[in-house]
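# Observations on the three-dimensional arrangement
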Amino acid sequence: MQHPSFSVYALDPIGIVHSCYREKFGIPRQPGLATAATAFIELLPPYNRPEAVQGLDGFSHLWLQFIFHQTLAEGWRPTIRPPRLGGEARVGVFANRSTHRPNGLGLSVVKLKGIDTRDGKVIIELEGSDLLDGTPIVDIKPYLPWADAVTDAQCGFAPEPPLKRDVRFTQDAVLSCQHYESSTGRPLQTLVIQVLSQDPRPAYLHRRPGRSHGIQLWDQNIRWQANDDHFLVTDIKPVELLHESTA
Ligand code: SAM
């Protein structure tokens, strides 16, 4: 039951994310881990006014507050099993950064690449975000290192960045990356390496080496095999082609 002294607060999205991450699986678990990830925020009316971002271009990093829109309908869970603890031990919802939260709100620090206010739009370009395509943004604030960076902070059960996996490619997969990069300018091979080296598998799948997985980055479907000592990227195809060939 709701506490009588509190109101219900509605949040109005101020922008929408356009991102290289077209599905949840594969997105790094925090921002900054895959710097080749591209995304931009398109501000929505009535917030898409150039004066709303005046002065923002002097900052290198931003705080983004956003809605975990794709998991919102699943509600919140009082405890979760973080991948960091091998998917066995549980910690409280307020002791981790899980998507299943009471208000479905996420928080990320991202690098600001540029702001474009031409043609009646306000576009904010980002580097290294951990946000799904279509994510609603509810606020943007400049990052202030002298106030926000805590150099002697303790990190509980996640004291270090996740260990990185070795990522290898078949010759065909390398050629597909090169072809895609020359026709789009998008750094596909670097992004695949950065994303897969984080080991996106949920903890229970770690126990099944040799298994093949797929992730989508931009409009490409990437198939890879999880071996004990490395991950092998076996095949890269446009998403439409993949659908045609399996229809
Ligand atoms: N940095 C944020 C935070 O701490 O609040 C997000 C951390 S959360 C562990 C990161 C994961 O959220 C990603 O791996 C991705 O699977 C998921 N995610 C990203 N955008 C989402 C969205 N719009 N809806 C649901 N899940 C999302």
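The coordinates are above.
What counts and how
Residues numbered from 1 in each chain as written. Predicted model: local features only at pLDDT ≥ 70, side-chain atom pairs only at ≥ 80, totals over all residues. Heavy atoms only, no water. Near = heavy atom within 4 Å. Polar contact = N/O pair within 3.5 Å; in protein donor to acceptor, adjacent residues only side chain to side chain. Areas by Shrake-Rupley, 256 points an atom, 1.4 Å probe, with all protein chains shown as cover. Helix = DSSP H or I, 4+ residues; strand = E, 2+ residues; numbered from the N terminus. Nonpolar A, V, L, I, M, F, W, Y, C, P; charged D, E, K, R; others polar. Pairing = 2+ DSSP bridges. Axes fitted to C-alpha atoms, helices over the stretch in contact; angles between N-to-C directions. Contact = heavy atoms within 4.5 Å. Buried < 20%, exposed > 50% of the residue type's maximum accessible area, 1.4 Å probe, protein only.

### Some remarks on the site of the ligand
Of all residues adjacent to the ligand, which total 21 residues, the nearest are Gln 30, His 69, Arg 97, Asp 130 and Thr 135. Here a nitrogen atom of the ligand and a side-chain polar atom of Gln 30 are 2.8 Å apart. A distance of 2.8 Å is found between a nitrogen atom of the ligand and a side-chain nitrogen or oxygen belonging to Thr 135. Calculation on the ligand without its partners gives an accessible area of 600 Å², and the protein chains cover 92% of this total. Listing elements by their share of the shell around the ligand, those giving two or more residues are β3 (61-67) and β6 (105-116). Counting residues per element, the shell around the ligand draws most heavily on β6, which supplies three residues. In terms of residue class, the shell around the ligand is made up of nine nonpolar, eight polar and four charged.

### Things to note about the sheet that holds strand β10 (residues 212-217)
Spatial ordering of the open sheet is given by β9-β12-β11-β10, a layout of four strands whose pairing is mixed. In this open sheet, the two edge strands, each paired with only one partner strand, are β9 (167-169) and β10. When the angles between neighbouring strand axes are averaged without regard to direction, this sheet yields 35°. Sheet topology places strand β11 (residues 220-226) next to strand β12 (residues 231-238); seven bridges connect them, and they run antiparallel. Directly across from Ala 226, in β12, lies its bridge partner Phe 231. The sheet contacts of helix α2 (residues 171-184) involve β9, β11 and β12, and relative to β12 the element is tilted by about 45°. Docked against the sheet, helix α3 (residues 188-196) engages β9, β10, β11 and β12, running at close to 125° with respect to β10.

### A few points about the side chain of Arg 201
Turning to its location among the elements, Arg 201 is positioned in the loop between α3 and β10. On the accessibility criterion, Arg 201 (3% relative accessible area) is buried. Within the local environment of Arg 201, its side chain forms a polar contact with the side chain of Asp 199, the two groups lying 2.9 Å apart.

### Considering the sheet that holds β3
The six strands are arranged β1-β2-β7-β6-β3-β8 in a closed barrel whose pairing can be described as antiparallel. Taken over all neighbouring pairs, the strand axes of this sheet differ in orientation by 45° on average, direction set aside. Here seven bridges tie β3 to β6, and the two strands are oriented antiparallel to one another. Within the sheet, the bridge partner assigned to Ile 67 lies in β6 and is Leu 105.

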